[in-house]
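A structural walkthrough
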Number of protein chains: 2
Amino acid sequence: MSNDIVKPSILPGFMELLPADQIVFNKVMDTIRHNYEKFGFIPLDTPVMEKSEVLLAKGGGETEKQIYRFMKGDTDISMRFDLTVPLARYVSQHFNDLNFPFRRYHISKVYRGERNQKGRFREFYQADIDIIGNGKLSIINDAEIPSVIYSTFKELGFEDFTIRINNRKILNGFFEYLNITNKGDVLRTIDKIEKIGEEAVIKELMDLGVEEGAVKKVMEFIKIKGENDQVLKALGELGVNSEVFKEGYDELSKVVHYIRCFNVPEKNFRIDLTIARGLDYYTGTVYETILDNYPSIGSVCSGGRYDNLAEYYTNQKLPGVGISIGLTRLFYQLREANIWGENASSTLSQALVIPMDDCIEESIKVANGLRNKGVVAELYLEDGKIGKKFAYADKLKIPYVILIGPDEVKENKLTIKNMTSGEQNMISLEEAVNLIR
Amino acid sequence: MSNDIVKPSILPGFMELLPADQIVFNKVMDTIRHNYEKFGFIPLDTPVMEKSEVLLAKGGGETEKQIYRFMKGDTDISMRFDLTVPLARYVSQHFNDLNFPFRRYHISKVYRGERNQKGRFREFYQADIDIIGNGKLSIINDAEIPSVIYSTFKELGFEDFTIRINNRKILNGFFEYLNITNKGDVLRTIDKIEKIGEEAVIKELMDLGVEEGAVKKVMEFIKIKGENDQVLKALGELGVNSEVFKEGYDELSKVVHYIRCFNVPEKNFRIDLTIARGLDYYTGTVYETILDNYPSIGSVCSGGRYDNLAEYYTNQKLPGVGISIGLTRLFYQLREANIWGENASSTLSQALVIPMDDCIEESIKVANGLRNKGVVAELYLEDGKIGKKFAYADKLKIPYVILIGPDEVKENKLTIKNMTSGEQNMISLEEAVNLIR
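Residues numbered from 1 in each chain as written. Chains lettered and ligands numbered in written order. Predicted model: local features only at pLDDT ≥ 70, side-chain atom pairs only at ≥ 80, totals over all residues. Heavy atoms only, no water.

1. What to know about the overall build of chain A
Rule in force here: Helix numbering and strand numbering both begin at the N terminus, where a helix is a DSSP run of H or I of at least 4 residues and a strand a DSSP run of E of at least 2. Each radius of gyration reported is based on C-alpha atoms, and the globular scaling rule is 2.2 Å times the count of residues to the power 0.38. Note on classification: 1.4 Å probe, protein chains only; a residue is buried when its accessible area is under 20% of the maximum for its type, exposed when over 50%, partly exposed between these limits. By definition, residues are in contact when any of their heavy atoms lie within 4.5 Å. To measure how exposed things are, a 1.4 Å probe is used in the Shrake-Rupley method; for residues, cover is taken only from the protein chains shown. Charge assignment in this entry is limited to Lys and Arg as positive and Asp and Glu as negative, and neither His nor the chain termini are counted. Charge placement uses NZ in Lys and CZ in Arg. For Asp and Glu, CG and CD serve respectively.
Per the secondary structure count, chain A includes 16 helices and 16 strands. For 437 residues, the compact-globule estimate of 2.2 N^0.38 gives 22 Å, and chain A exceeds it by more than 25% at 28 Å. With respect to the three principal axes, the spread of C-alpha positions in chain A is 95 × 55 × 45 Å. Put simply, chain A has 437 residues, and 58% of those count as buried. Taking contacts inside chain A between residues at least 6 apart in sequence as the whole, the part at least 24 apart equals 67%. Total accessible area on chain A is roughly 19,100 Å²; 45% of this is exposed by carbon and sulfur atoms. Taking the 56 positively charged and 64 negatively charged side chains of chain A as two groups, their mean positions are separated by 1 Å.

2. Here's the deal with the sheet that holds strand E7 (residues 161-167) of chain A
Residues and elements named next belong to chain A. Just so we agree on the cut-off: Two strands make a pair as long as DSSP finds a minimum of two bridges between them. In this analysis, axes come from line fits to C-alpha atoms, helices being fitted only over the stretch in contact, and the angle between any two N-to-C directions falls in the range 0 to 180 degrees.
Read from one edge of the open sheet, eight strands run E1-E5-E6-E11-E10-E9-E7-E8, paired in mixed fashion. This sheet does not close on itself; its edge strands, each paired only once, are strand E1 (42-43) and strand E8 (269-271). For E7 and E8, the ladder comprises three bridges, and the chain directions are parallel. Paired with Ile163 across the two strands is Phe269, which belongs to E8. The sheet strands contacting helix H1 (residues 19-38) are strand E5 (102-111), strand E6 (123-132) and strand E11 (320-326), and the helix crosses E5 at an angle near 160°. Contacts between helix H5 (residues 168-177) and the sheet are confined to E7 and strand E9 (282-291), with E7 contributing the most and set at about 40° to the helix.

3. Considerations on helix H11 (residues 243-261) of chain B
All names here are of chain B. Put simply, the test is: Expected span of a helix: the number of residues minus one, times 1.5 Å. By the criterion applied in these results, polar contacts are pairs of N or O atoms within 3.5 Å in which, for protein atoms, one can donate a hydrogen and the other can accept it, and in which residues neighboring in sequence qualify only through two side-chain atoms.
Given a rise of 1.5 Å per residue, 19 residues ought to cover 27 Å, and the 27 Å separating the end C-alpha atoms of H11 matches this to within 8%. Along H11, the residues classified as buried are Phe245, Gly248, Glu251, Leu252, Val255, Val256, Tyr258, Ile259 and Cys261. A distance of 3.3 Å separates the backbone nitrogen of Val244 from a side-chain oxygen at the start of H11, and that oxygen is part of Ser242. Of the residues one or two after H11, Asn263 is the one with positive phi, at around 65°.

4. Points about the domain arrangement of chain A
Residue and element names in this part refer to chain A. Filter applied, for reference: Here the bounds of each domain stem from an automatic or database domain assignment. As a working definition, buried area equals the accessible area (1.4 Å probe) given up by two parts on being put together, with both sides summed. A side-chain nitrogen of Lys or Arg and a carboxyl oxygen of Asp or Glu constitute a salt bridge if their distance falls within 4 Å.
Domain annotation of chain A identifies domain 1 (11-147 + 304-344), domain 2 (161-292) and domain 3 (351-436). For domain 1 and domain 2, the distance between their C-alpha centres works out to 27 Å. Facing the 19 residues of domain 1 at the interface are 17 residues of domain 2. Between domain 1 and domain 2 lies a buried interface of about 1,500 Å² when both sides are counted; carbon and sulfur atoms form 72% of it. In this structure, the connection of domain 1 to domain 2 is made through zero salt bridges. Run the count over domain 1 and domain 2 and you get five residue pairs in polar contact (both at pLDDT 80 or more). Within the residue set of the side of domain 1 that touches domain 2, elements represented by two or more residues are helix H4 (140-155), strand E10 (302-306), E11 and helix H12 (327-336).

5. As for the packing of aromatic side chains
All names here are of chain A. Rules: To pair, rings of Phe, Tyr and Trp, with the six-membered ring standing in for Trp, must have centres within 6.5 Å; the planes then decide the type, stacked if under 30 degrees apart, edge-to-face if over 60, and tilted in the middle.
Applying the stated criterion across every chain, the model contains 32 aromatic pairs over all chains. Between Tyr90 and Phe102 the ring centres are 6.4 Å apart and the planes differ by 15°, which places this aromatic pair in the stacked class. Of this pair, Tyr90 sits in helix H3 (residues 84-93) while Phe102 is found in strand E5, placing the two residues twelve residues apart along the sequence. In this structure Phe102 comes out as buried when scored by relative accessible area, which is 2%. A centroid spacing of 6.0 Å and a plane angle of 55° characterise the contact between Phe158 and Trp340, whose relative ring orientation is tilted. In this pair, Phe158 is assigned in the loop between H4 and E7 and Trp340 in the loop between H12 and strand E12 (351-355), connecting sequence segments 182 residues apart. Its relative accessible area of 8% is what places Phe158 among the buried residues. Ring pairs connect the aromatic residues Phe25, Tyr125, Tyr150, Phe153, Phe158, Phe161, Phe331 and Trp340, which therefore count as one cluster.

6. Topic: the environment of Gln316(A)
All names here are of chain A. With respect to the helices and strands, Gln316 occurs in the loop between E10 and E11. Distance in space between the C-alpha atoms of Gln316 and Glu382 is 63 Å, their sequence separation being 66 residues. In contact with Gln316, not counting residues within four places along its chain, are Phe95, Asn134 and Asn308.

Laid out in structure tokens, this is it:
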């Protein structure tokens, strides 16, 4: 027989968790879901695979190589690589059946055949929310999104995190005003300031053909830092004569004002003029979220405002604003850092009921009683020594063991042992329910 | 532009729901999950795709043609077609990290490229539980499984459903005793009794080479019907001298006894000697579940006991017992029959807060207050006539609309309208929270 055995293993780059970690992971996912729902977002679920011509309508660019694409019979199929393209497809396909603004959340797996490396997964969960307008969408929505981020990460147990906010129009308008057309090169140069220093940046900018006056303005711009109001004040005093800049400035000011109305503490959000977000389709507000004590993890929740969600599927103009949490990567990083999941229990069971001396019927009765009262209870039904049964409870970290033997049956009680303290008592079912809860 | 537009659509045979249905679907899924957890089952999540050599180690047989299988670079990949093979792979791969009996639930999507037909889906959810023993597993587990089915379908809103129970060993032992070797042919013949009648069945059995005495016994056997105790009594009186039969009889008797201990009402479970379940690997107890008022749907929850879960991956003997709910198909059928989802709401929001006369800050404050008290609240932030805003609440079936204008701000109150009754009052936030909850 053993010759026929195939070594059980999964594909490289895929994540699979043991029970203790899975339970923590699910708790994180439930917390995110609960917060998304609290703000009135509607759940969506779309197929994991779609027609390639539809999913790749935009063209893939960088990601196209990573896409899981295959033929099934005559059908050209691709696995989704994010939840945004399926949303665009969904909203345009079902446009007449939806009500706008359309607020949806979607927590599900996406697929990217990335190069295999630590902490990068080919199958991973994204947890997205988006608010889609029909034709237009109020800027105040851009202020509500950070309040969802705040509420979510707060409930996930974090105090020290910063939602970084910017508006693409500010940088665009600023560069337009300075007649800088090679924006990409200039941004890359600016990005190097901490590495190469101010002087070297100035030199590089000059080499790129940026005029002396413009270089001075750029240096002034990138030095704007501080409290949110200080940054807004400094931005206003820059004297940038550009409609786009003014629009961005006005939007950012409004967003900051309303974020405060949404009760996000000042320490948890900050204007950061260096944030641009790689994706092309963001057109206004952009967000990144940093765990202050773990900056190396990078942004744990990013997103922004886009002018047009679904231009490849419809002529309807659908502006929107949204964010995405890369859940699998986030979990992996925080698990590795032992922030999540250390000493986690391998079960949801709150009590293990062990029949003694064949008191099985009575043990089942106790388990029924516990379950009816909402206690997650498990029966140990196998033969074996009592030590083995306690070891099972111990390994799974089940908090209480309940013993039912002839004495307990006679007294109509149960013996309950607190597996942490070792305390053991004979009490009634009702008392046990109260103790466990 | 419009020339570049791709018609948004999904692959045929895939299910995608509009918000109202999705919300009902998720509620069903949550109910199943909650019941599985209540009985101490642990959540698992495995990759949607696996190495073909591992996933198809058993060989596919009938299903092999249906499998989504493709190459990515040099890697031969298959999408899972059930949750049982991944469980077998998981348990053998992580054997040393697991504790037995291992109780897991798994609610997730599986893939089968079936012929496209109404009510059959190529991507569908299964909701499985299994209890896996290391070497052996008590028969009482076979009695606990129906109590999970009972608890689940009860909470899903059903009263009239029947869990049909049988044991494969009874039929196997019976045939062995009668020296019937062409079991398949005989079973097929028996199955036709309602169509062709008793006499024709007798004739066909004789044609198949079954001896006259054996034919008589078979006819006697298939007529055994009635209350559970009557069936057991009649089975016992058949006088079948076979170890296998006796084992099956003994197991079935125990299962019936303990199902009663688990408080499953007599009307919700019934021995049905005709149930065999197509799958080869069931070796003892088998289950099917029928909604009494919708028999045409077929079994909505099936499963059974198997001797050896993972023989293709390990030499460890891993007996188990489990069930599976075909969630997508079940939902589709009950939705079509208007049992589920009629007049469902298209949102989870309990209240829509509408700012009047630019009282936006105060409206945000009210939304904050509601959300802090656990009310799912949504803000309507767009410009437009009040009628349009009410229409939005109406279409989504949001139960309460809250208006915040200068009067409400002055009085530190809010105006709340019950969208069903039309009743409208100006009350405090606290009163509103109580009203909505």
